[in-house]
Amino acid sequence: QQQVKQSPQSLIVQKGGISIINCAYENTAFDYFPWYQQFPGKGPALLIAIRPDVSEKKEGRFTISFNKSAKQFSLHIMDSQPGDSATYFCAASLYSGTYKYIFGTGTRLKVLA
Amino acid sequence: IAGITQAPTSQILAAGRRMTLRCTQDMRHNAMYWYRQDLGLGLRLIHYSNTAGTTGKGEVPDGYSVSRANTDDFPLTLASAVPSQTSVYFCASSDSGASNEQFFGPGTRLTVL
């Protein structure tokens, strides 16, 4: 019930294309859904996040789409650039004194120049 | 520079040895976390601390211990390392009163032989 399933495991996109990464969760009590971006040799960093009371959030080229009834959310990267090549993790969190994250297994994105 | 520091950057350790991974933050965040990152498994929470003086178990706490004597430091100890503890370890912190964002350190790559 605590799992977050992420797909695909890896993704190759041409420069200028759209990258789409999907996540699904089981626990309906989750109330915060962030996406983290990680470059090789670095720690993850927050990219964008959404709460379940909205269906979409956009920040620049990055958009989260959230489907509460399906318990799914996705990251869309528009006009993908080689600099977007990184590993992306979705997460879901639940408050119990602090927000503890359950992370997906990650998607390695490569954007071809 | 504000942020999280981790030490050592990497370590090779013989099985059965004791090891402490260090984590220090200067953002005065009340919550801190330890994760391990393994290929195909994403990031998994080992232990966390909501505030100085308190700690809690995450998804994979066995074989690890933590302490939180003050706000800034959150060391992770492997009492008797085993090869399955070979991983990249990330420390993170958050100000749970202000936002849910977790800030990650640069990681420690640990190899147990």
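Coordinates for the structure precede this section.
Criteria and thresholds
Residue positions are given per chain, counted from 1 along the sequence in the order it is written. Written order determines the labels here, with chains lettered from A and ligands numbered from 1. Whole-chain, interface and lining totals are the exception, using all residues; otherwise, since this is a predicted model, local features are given only for residues with pLDDT of at least 70 and side-chain atom pairs are given and counted only at 80 or more. Remark: hydrogens and water are excluded; side-chain values derive from all non-hydrogen atoms of the structure. In this description, contact between two residues means that some pair of their heavy atoms is separated by no more than 4.5 Å. When two parts are put together, the accessible area they lose, computed with a 1.4 Å probe and summed over both, is reported as buried area. Think of a salt bridge as a Lys or Arg side-chain nitrogen and an Asp or Glu carboxyl oxygen that are within 4 Å of each other. Pairs of N or O atoms are called polar contacts if they sit within 3.5 Å, as long as, within protein, a hydrogen donor faces a hydrogen acceptor (for residues adjacent in sequence, only side-chain-to-side-chain pairs). Helix and strand definitions here come from DSSP, where helices need a minimum of 4 consecutive H or I residues and strands a minimum of 2 consecutive E residues; each element is numbered from the N-terminal end. Only a pair of cysteine sulfur atoms within 2.5 Å counts as a disulfide in this structure description. Classification of residues uses two cut-offs on accessible area relative to the type maximum, computed with a 1.4 Å probe and protein chains only: under 20% is buried, over 50% is exposed, and between them is partly exposed.

Here we take up the interface of chain B and chain A. Accessible area lost on assembly of the parts is the figure often given for the size of an interface. At the interface, 22 residues of chain B touch 21 residues of chain A. A combined buried area of about 1700 Å² lies between chain B and chain A, and 55% of that area is made up of carbon and sulfur atoms. Here chain B is connected to chain A by 0 salt bridges. Summed over the shared surface of chain B and chain A, the number is 4 residue pairs in polar contact (both at pLDDT 80 or more). Listing elements by their share of the side of chain B that touches chain A, those giving two or more residues are β4 (31–38), β5 (42–49) and β9 (87–94) of chain B.

Before going further, it helps to spend a moment on the state of the cysteines. The full count for this structure, using the stated rule, is 2 disulfides over all chains. Covalent S-S linkage joins A:Cys23 and A:Cys90, the inter-sulfur distance amounting to 1.9 Å. Classification of the bridge connecting A:Cys23 and A:Cys90 rests on its S-S torsion, roughly -95°, and on that basis the disulfide is left-handed. Linking A:Cys23 in strand β3 (residues 19–25) with A:Cys90 in strand β9 (residues 86–95), this pair joins segments that are 67 residues apart in sequence. When its relative accessible area of 3% is taken as the criterion, A:Cys23 is described as buried. Each sulfur in the disulfide pair B:Cys23 and B:Cys91 lies 1.9 Å from the other. Between B:Cys23 and B:Cys91 the sulfur-sulfur dihedral comes to about -70°; the bridge is accordingly left-handed. On the criterion of sequence distance, the pair formed by B:Cys23 in strand β3 (residues 19–25) and B:Cys91 in strand β9 is long-range, its members being 68 residues apart.

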